[in-house]
Amino acid sequence: MTTPLTLTPGRRPDGSAQLAVSGEIDMSNAASLAEALETTSGPLVLDLTDVEYLDSAGLSVLFAHADRLELIATPVLGPVLTVSGLTDLAPVHGIGEGPAPQ
């Protein structure tokens, strides 16, 4: 059974936009993530620490916005973010490459 996708917009202490994501990101809900990213302008911190699964549909959405994203993830997502090449396009914290931003 898949874990539903939950998207929670907010602001970081420095005022920058943040979107916390939890659940599974797959082809059944990637459009919801894409819509949330498209309706948030400017730089965005995307908190993926509560994401349990990320498939190619979700990666495709992240790649489309990589130039303005800063990702926070866990080591569980590290391999897929690294092998896909996303770590070369956007800063990713929490997968063994340094501390997450405060």
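(A) Structural detail: the overall build of the protein. Looking only at helices and strands, one finds 3 helices and 5 strands in the protein. Over its C-alpha atoms the protein spans a radius of gyration of 12 Å, differing by no more than 12% from the 13 Å that the globule rule assigns to 102 residues. Dimensions of the protein, computed from C-alpha atoms along their principal axes, come out at roughly 35 × 30 × 20 Å. Buried residues in the protein amount to 43% of all 102 residues. Here the analysis covers contacts within the protein between residues at least 6 apart in sequence; of these, 52% occur between residues at least 24 apart. A total of about 5400 Å² of accessible surface is found on the protein, and carbon and sulfur atoms cover 56% of it.

(B) Just the pairing of strand E1 (residues 6-11), in detail. Alignment of E1 against strand E2 (residues 17-25), held across 6 bridges, turns out to be antiparallel. Within E2, the residue paired with Pro9 across the bridge is Leu19. The turn linking E1 back onto E2 is made up of 5 residues, and Gly15 within it adopts a positive phi angle of 95°.

(C) Here's a closer look at the nonpolar core. Counting 27 residues, the largest nonpolar core has Leu46, Leu48, Leu62 and Leu81 as its most contacted members. Every element with two or more residues in this core is listed here: E2, helix H1 (30-38), strand E3 (44-54), helix H2 (56-64) and strand E4 (69-72). What Leu46 contacts, discounting residues up to four positions off in sequence, is Leu19, Val21, Leu37, Leu62, Leu69, Glu70, Leu71 and Ile72.

(D) View of the side chain of Asn29. Secondary-structure assignment places Asn29 in the loop between E2 and H1. With near-sequence residues (within four places) excluded, Asn29 lies in contact with Leu5 and Glu24.

(E) Representation of H2. Taken together, the buried positions of H2 are occupied by Gly58, Leu59, Val61 and Leu62. Along the long axis of H2, the arc covered by the buried residues comes to 155°, so they all point the same way. The exposed set on the far side of H2, more than 90 degrees from its buried face, consists of Ser56 and Ala64. Looking at the packing, one finds that the buried side of H2 touches E2, H1, E3, E4 and helix H3 (78-84). One side-chain oxygen at the N-terminal end of H2 lies 2.9 Å from the backbone nitrogen of Ala57; it belongs to Asp55.

Criteria and thresholds
Residues numbered from 1 in each chain as written. Predicted model: local features only at pLDDT ≥ 70, side-chain atom pairs only at ≥ 80, totals over all residues. Heavy atoms only, no water. Helix = DSSP H or I, 4+ residues; strand = E, 2+ residues; numbered from the N terminus. Rg over C-alpha atoms; globule rule 2.2 N^0.38 Å. Buried < 20%, exposed > 50% of the residue type's maximum accessible area, 1.4 Å probe, protein only. Contact = heavy atoms within 4.5 Å. Areas by Shrake-Rupley, 256 points an atom, 1.4 Å probe, with all protein chains shown as cover. Pairing = 2+ DSSP bridges. Core = buried A, V, L, I, M, F, W, Y, C linked by side-chain atoms within 4.5 Å. Arc of directions from axis to C-beta. Polar contact = N/O pair within 3.5 Å; in protein donor to acceptor, adjacent residues only side chain to side chain.

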